[in-house]
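# A structural walkthrough
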Amino acid sequence: MRILIRILILTLFLSGCQSKNTNEIDSKKLDEYKSIYQTLLQSTATSEAGTYFDISTEVTHLPDDTYRYYVIVDNASTSMYNVKMIALEVGSDSETIMAPSIGILDGEVYNLIPSQVSMQEGFVKGLVLSGDSVNSEINLKIMISWTDEKGKKQEKEYFDITCTAPSEQ
């Protein structure tokens, strides 16, 4: 009986430690998201084209009279490791709406390497980020960051892109 109680206490202790570590990781991710979000809010970038990759947008009209936008990044011309991406709709209520992101809160690592696609190794051809809006014309501030292979040099590009839903016939 004592052994069973000791095992139970040890299990609870280990679970508590694991939960604390998970909360610390989640807190770090949220802090990183908030920092990137604030930087993006203050960004004055006007670029609509990527230096090392193609970036494009699409908008579709949904049955509930809202719109879904897609930000597509692909055709990398340089090796991009640990890619992070966030899109913020200008004029949205930033206090209540989370900006869609990739590689920040989800805990996944995405790598865009020219001519290499291997999901098992984390090499993807491209990334698609989507969000919803009540507007048919959507102005997005976008940040894409990545590191070199060794994770020592970080690159960031900021964009200001307006995308419009196709007119319906």
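In case you missed it, the structure is sitting above this.
Now for a description of the structure that goes with this document. Per chain, the residues get numbers from 1 upward, laid out in the order the sequence is written. Per-residue local features of the predicted model are confined to residues with pLDDT of at least 70, and side-chain atom pairs are confined, for both listing and counting, to 80 or more; whole-chain, interface and lining totals are unaffected and use all residues. The side-chain numbers reported here are obtained from all heavy atoms of the structure, hydrogens and water having been left aside.

## Remarks on the packing of aromatic side chains
Under the pairing criterion, centres of Phe, Tyr and Trp rings, with the six-membered ring standing for Trp, must be within 6.5 Å; the plane angle then separates stacked pairs below 30 degrees from edge-to-face pairs above 60, leaving the rest tilted. Enumeration over the complete set of coordinates arrives at four aromatic pairs. Each ring, one from Tyr33 and one from Tyr37, has its centre 5.7 Å from the other, and the planes form 35°; the classification is tilted. Of the two residues, Tyr33 and Tyr37 are both situated in helix H1 (residues 2–42); the distance of four residues between them amounts to about one turn of the helix. Side by side, Tyr33 and Tyr37 carry an identical accessibility label, which is buried. Between Phe53 and Trp146 the ring centres are 5.8 Å apart and the planes differ by 85°, which places this aromatic pair in the edge-to-face class. Of this pair, Phe53 sits in the loop between H1 and strand E1 (54–61) while Trp146 sits in strand E6 (residues 137–147); the two residues are 93 residues apart in sequence, bridging distant segments of the chain. Accessibility assignment for this pair places Phe53 and Trp146 in one class, buried. Members of the aromatic cluster, each reached through a chain of ring pairs, are Tyr52, Phe53, Trp146 and Phe159. Elements are defined by DSSP. Helices are runs of H or I of four residues or more, strands are runs of E of two residues or more, and each kind is numbered from the N terminus. Working definition: with a 1.4 Å probe on protein chains only, accessible area under 20% of the residue-type maximum means buried, over 50% means exposed, and in between means partly exposed.

## Here's the deal with the side chain of Glu89
Relative to the helices and strands, Glu89 is located in strand E3 (residues 81–89). Identification of polar contacts relies on pairs of N or O atoms within 3.5 Å, with a donor-acceptor requirement for protein atoms, meaning one able to donate a hydrogen and the other able to accept it, and with residues adjacent in sequence counted only if both atoms are side-chain atoms. Separated by 2.8 Å, the side chains of Glu89 and Ser133 make a polar contact. Polar side-chain contacts of Glu89 include one of 3.0 Å to the side chain of Asn135. By definition, residues are in contact when any of their heavy atoms lie within 4.5 Å. Residues within four places of Glu89 in sequence aside, it is in contact with Asp132, Ser133, Asn135, Ile138, Asn139 and Leu140.

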